[in-house]
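Residue-level structural notes
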Amino acid sequence: MSEIIKAQIPISVIKKIREDLMIPILGTHEEKMKIIEKQNYATRELSQITRNYILAFQVLSYPYSDEILQLLYQKNPFPGLLRLLEHTYNDVAYDGLLSILNIIVDDFNTTSDNSHRPYYDTINAGRGIEKIMKLFRINGNKKTKDTAAICLGQIFRAKEINDKQMRIELIRHQKTLVNDTDEWTQSNSKLTLCYLALNVVNRAEIESDGFVIPE
């Protein structure tokens, strides 16, 4: 997936975004605000955010490097990326969602702790779980719906999905994806179910109809 994205975006665009991310937030108040605006989707008009820009951000966020991961952690891109979920252009909303998932998965890959949830509090504080769930419920695009379910599962991991209706909906949908024709969707849904099953409440819901958690 990342190779296809790279082929669509000029290298100059990718370099420019990387340079923007690396600018330290220094100077006068006005200068600081200009730097923040460059680095954050949260301050831009949604109509001004092109798909090329968010696709280039995806290239930076996957596959990850320690340098980029640290930059992303420092800049806290989640408020801006979550805002993209409200974009009227479905592809931009999907790309924002996938960027969130990339960051979460990248960080998880750096630790052997399956219960590690580095961004749960940050995303939840910005009502991110609610926003992603809304996208899952109202978006008619299968790719977006599937990715939203996987993203939420990765956010919770071994934590109980304490909203019962949300737990039922997400887990039910995840279970339908284990035999999906799309290889990425199939493998990630299986992995996400395994993480969710580390919590006894989630596990009970997963196994409620005799479903066997895939290895």
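Everything numeric in this text was worked out from a predicted model, so none of it was measured.

Of all hydrophobic cores here, the largest spans 39 residues; its most connected members are Ile 132 and Ile 155. Those elements giving two or more residues to this core turn out to be helix H6 (78-84), helix H7 (90-108), helix H8 (120-125), helix H9 (128-138), helix H10 (142-156), helix H11 (164-176) and helix H12 (183-196). Element by element, the count of residues in this core is highest for H7, at eight residues.

Per-chain confidence: the protein chain averages 76 in pLDDT, with 59% of residues scoring 70 or above. Between the elements of the protein chain, mean pLDDT differs from a low of 36, seen in helix H1 (residues 2-8), to a high of 97, seen in helix H13 (residues 200-206). Predicted confidence is poor over residues 1-11, with pLDDT under 50, and the contacts of this stretch with residues over four places away or in other chains come to 17 contacts.

Evaluation of the coordinates by the stated rule reveals one aromatic pair. A cation over an aromatic ring shows up here: Lys 143 above the ring of Tyr 94, its NZ or CZ 4.4 Å from the ring centre. One Lys or Arg, Lys 145, reaches over the ring of Phe 136 and ends 4.0 Å from the middle of that ring.

Contact pair H9 / H11: the axes reach a minimum separation of 12 Å and the direction vectors enclose 55°. Taken together, the axes of H9 and H11 lie oblique to each other. Read as a crossing pair, H9 and H11 show a hand that is left-handed. Residue-level contacts link Ile 129, Met 133, Phe 136 and Arg 137 of H9 to Gln 165, Met 166, Glu 169, Leu 170 and His 173 of H11.

With that settled, the discussion passes to the side chain of His 173. Assignment of secondary structure puts His 173 in helix H11. Looking at His 173, its side chain comes within polar contact range of the side chain of Asp 146, at 2.7 Å. If near-sequence neighbours (up to four positions away) are discounted, His 173 is found in contact with Phe 136, Lys 145, Asp 146 and Ala 149.

Our next topic: H11. With 13 residues, H11 ought to run about 18 Å at 1.5 Å a step, and its terminal C-alpha atoms sit 19 Å apart, in line with that. On its buried face, H11 is in contact with H9, H10, H12 and H13.

The subject of this paragraph is the pattern of salt bridges. The tally for this structure, following the rule as stated, stands at seven salt bridges. The closest approach of N and O atoms between Asp 146 and Lys 142, which form a salt bridge, is 2.4 Å. Of this pair, Asp 146 and Lys 142 both sit in helix H10, four residues apart, roughly one helical turn. With a relative accessible area of 3%, Asp 146 lands in the buried category. A salt bridge links Lys 142 to Asp 180; the shortest N-O distance between them is 2.7 Å. Of the two residues, Lys 142 sits in helix H10 while Asp 180 sits in the loop between H11 and H12, which places them 38 residues apart along the sequence. Relative accessible area serves as the criterion here: at 47%, Lys 142 is assigned to the partly exposed category. Because the salt bridges share partners, they merge into one network encompassing Lys 142, Asp 146 and Asp 180.

How each quantity is defined
Residues numbered from 1 in each chain as written. Predicted model: local features only at pLDDT ≥ 70, side-chain atom pairs only at ≥ 80, totals over all residues. Heavy atoms only, no water. Core = buried A, V, L, I, M, F, W, Y, C linked by side-chain atoms within 4.5 Å. Buried < 20%, exposed > 50% of the residue type's maximum accessible area, 1.4 Å probe, protein only. Helix = DSSP H or I, 4+ residues; strand = E, 2+ residues; numbered from the N terminus. pLDDT = per-residue confidence, 0-100. Contact = heavy atoms within 4.5 Å. Phe/Tyr/Trp six-rings, centres within 6.5 Å; stacked < 30°, edge-to-face > 60°. Lys NZ or Arg CZ within 6 Å of the ring centre and 35° of its normal. Axes fitted to C-alpha atoms, helices over the stretch in contact; angles between N-to-C directions. Parallel < 35°, antiparallel > 145°, perpendicular 65-115°, else oblique. Left-handed = near helix turned anticlockwise from the far one by under 90°. Polar contact = N/O pair within 3.5 Å; in protein donor to acceptor, adjacent residues only side chain to side chain. Expected span 1.5 Å × (residues − 1). Salt bridge = Lys/Arg side-chain N within 4 Å of Asp/Glu carboxyl O.

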